[in-house]
Amino acid sequence: APAVLAAVQLGRDPAMRPGPTSLGPFDPLYTELPERLAIFPLTGAVLLPGGRLPLNIFEPRYLAMVRYALQQPTRLIGMVQPVENNADRDFDPTARHAVQRIGCAGRIVGFQETEEGRYTLTLSGLIRFAIARELPVDDGGFRLVEPDFTPFAEDMAERDFAIPARPNFLSAFKAYVEAKQLKVDWEAIKGAPDDHLLISLAMLSPLSPEEKQSLLECRDLEQLAAMLTALFEVTVANRQAPDRILH
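About the cut-offs
- Residues numbered from 1 in each chain as written.
- Predicted model: local features only at pLDDT ≥ 70, side-chain atom pairs only at ≥ 80, totals over all residues.
- Heavy atoms only, no water.
- Helix = DSSP H or I, 4+ residues; strand = E, 2+ residues; numbered from the N terminus.
- Buried < 20%, exposed > 50% of the residue type's maximum accessible area, 1.4 Å probe, protein only.
- Contact = heavy atoms within 4.5 Å.
- Areas by Shrake-Rupley, 256 points an atom, 1.4 Å probe, with all protein chains shown as cover.
- 1 Å grid on protein atoms, 1.4 Å probe; cavity = no way out; pocket = protein on both sides within 12 Å on 5 of 7 lines; lining within 4 Å.
- Points joined across faces, edges and corners; volume = space filled by probe spheres on them.
- Nonpolar A, V, L, I, M, F, W, Y, C, P; charged D, E, K, R; others polar.
- Pairing = 2+ DSSP bridges.
- Phe/Tyr/Trp six-rings, centres within 6.5 Å; stacked < 30°, edge-to-face > 60°.
- Axes fitted to C-alpha atoms, helices over the stretch in contact; angles between N-to-C directions.
- Parallel < 35°, antiparallel > 145°, perpendicular 65-115°, else oblique.
- Left-handed = near helix turned anticlockwise from the far one by under 90°.

Participant: Any chance you could explain the overall build of the chain here in plain terms?
Facilitator: A tally of regular secondary structure across the chain gives 7 helices and 6 strands. Ordering the α and β elements of the chain from the N terminus gives α-β-β-α-β-β-β-β-α-α-α-α-α. Burial statistics for the chain: of 247 residues in total, 49% are counted as buried. A separation threshold of at least 6 residues defines the contact pool for the chain, and within that pool the share at least 24 residues apart is 74%. Of the roughly 12200 Å² of accessible surface on the chain, a fraction of 52% belongs to carbon and sulfur atoms.

Rendered as structure tokens:
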């Protein structure tokens, strides 16, 4: 199994947002956030504020979405999950499957064209949003929404953060890693700032799409740490007592 934590998730790059509790020099102000946002529905690919998400884009409608986003001052794309798992695998360009109401806007901070006609991107999570309403589909075939950033304005506030009861959190994660037989770079974890560590584990741990959506919708980092700990513990308990499944 691949390592849960990739080096890019824990590294610091001044061109990107430093982390969930601080903004980068090129991040837009809250007052500069757009009234229209292109969305990219993708099962299991949850972006959180301060996290980084690599994407490989090849469908024509999403290639058009990337070009649209690059033309906007904020370079934002809204990552959302379909309500029905794997509905994004329907390559019918006219399909409009229902999506979760809460997503996260990510800023394009890395972009490359490939010889195969694809775009490879890195998104830096900026702020979550609720879908106020869906707008007419763009001429390029991708979906647009009117985002409501108001409930999540604190995502862009700078603050100090420490994982509550960090030893207990890491103990729960260690038991989860053993239960799932994952490979982890423990040295990277040991040296990671708490905010980077929490966001990286929430995004990269092999949780279900529903579990990842519940993490995305947590009120703040403290609640995120508590819920992630609970998910680790439930997974371990279910492995130890498979006849008594916990939820």
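There's plenty left to go through after this.
Participant: Teacher, can you tell me more about the environment of Leu23 here?
Facilitator: Along the polypeptide, Leu23 turns up in the loop between helix 1 (7-10) and strand 1 (37-41). Judged by relative accessible area, Leu23 falls into the partly exposed class, the value being 22%. Distance in space between the C-alpha atoms of Leu23 and Pro49 is 9.9 Å, their sequence separation being 26 residues.

Participant: Teacher, can you tell me more about unusual backbone geometry here?
Facilitator: Comment: phi is negative for the bulk of residues other than glycine, and the bulk of peptide bonds are trans. Its identity is not glycine, yet Ala165 carries a phi of approximately 50°, on the positive side. Take Ala165: it is sitting in the loop between strand 6 (143-148) and helix 3 (166-180). With a phi angle near 55°, Gln181 is a residue other than glycine that sits in the positive phi range. Tracing the backbone shows Gln181 in the loop between helix 3 and helix 4 (186-191).

Participant: Which parts of the structure should I look at to understand empty space enclosed by the protein?
Facilitator: Here the idea is plain: a probe the size of a water molecule rolls over the atoms and shows the empty space left. The full count for this structure, using the stated rule, is 2 cavities of 30 Å³ or more. Of the volumes computed, that of the largest cavity is approximately 100 Å³. Of the residues belonging to the lining of the largest cavity, the class tally is 6 nonpolar, 1 polar and 5 charged. Of the voids in this model, the second largest cavity is the one considered here, and its volume is about 30 Å³. Every residue along the wall of the second largest cavity is listed here: Ala45, Val46, Leu47, Met79, Val80, Gln81, Cys104, Gln213 and Leu216. Those elements that place two or more of their residues in the lining of the second largest cavity are strand 3 (76-80) and helix 6 (209-216). Residue composition of the lining of the second largest cavity, by class: 7 nonpolar, 2 polar and no charged.

Participant: Just checking my understanding: could you explain the pairing of strand 3 for this structure?
Facilitator: Buried residues dominate strand 3, accounting for 5 of its 5 residues. The alternating pattern of strand 3 places Leu76, Gly78 and Val80 on one face and Ile77 and Met79 on the opposite face, and all of these are buried. Sheet analysis places strand 1 next to strand 3, joined by 3 bridges and oriented parallel. By the bridge assignment for strand 3, Phe40 is matched with Met79. Two elements, strand 3 and strand 4 (residues 102-113), share 4 bridges in a ladder whose sense is antiparallel. Within the sheet, the bridge partner assigned to Leu76 lies in strand 4 and is Arg107.

Participant: Just to check I follow, could you spell out the environment of Arg107 for this structure?
Facilitator: Looking at where Arg107 falls in the secondary structure, it is placed in strand 4. The spatial distance from the C-alpha of Arg107 to the C-alpha of Leu123 is 5.2 Å, given a sequence separation of 16 residues.

Participant: Quick question: what am I supposed to make of the packing of aromatic side chains here?
Facilitator: The way to describe two aromatic rings as a pair is by their centre distance and the angle between their planes. Enumeration over the complete set of coordinates arrives at 8 aromatic pairs. Here the aromatic rings of Phe111 and Tyr119 are separated by 5.1 Å at their centres, their planes lie at 55°, and the arrangement is tilted. Its relative accessible area of 11% is what places Tyr119 among the buried residues. Ring centres of Phe169 and Phe232 lie 6.2 Å apart, and the angle between their planes is 50°; this geometry places the pair in the tilted category. Taken together, the residues span a long stretch of sequence, with Phe169 in helix 3 and Phe232 in helix 7 (residues 221-240) at a distance of 63 residues. Judged by its relative accessible area of 0%, Phe232 falls in the buried class. Taken together, the ring pairs in this structure connect Phe169, Phe173, Tyr176, Trp186 and Phe232 into an aromatic cluster.

Participant: Whenever I open this one, the packing of helix 5 (residues 194-204) against helix 7 confuses me. Can you help?
Facilitator: Helices that pack against each other are described as a pair by the angle of their axes relative to one another and the distance between those axes. It is the contact of helix 5 with helix 7, at a shortest axis distance of 11 Å, that shows an interaxial angle of 50°. Looking at the two axes, helix 5 sits oblique to helix 7. Crossing geometry of helix 5 relative to helix 7 is assigned as left-handed. Across from Leu198, Ile199, Leu201 and Ala202 in helix 5, the residues of helix 7 making contact are Leu221, Leu224, Ala225 and Leu228. Here the residues of the contact of helix 5 with helix 7 are counted per class, giving 8 nonpolar, no polar and no charged.

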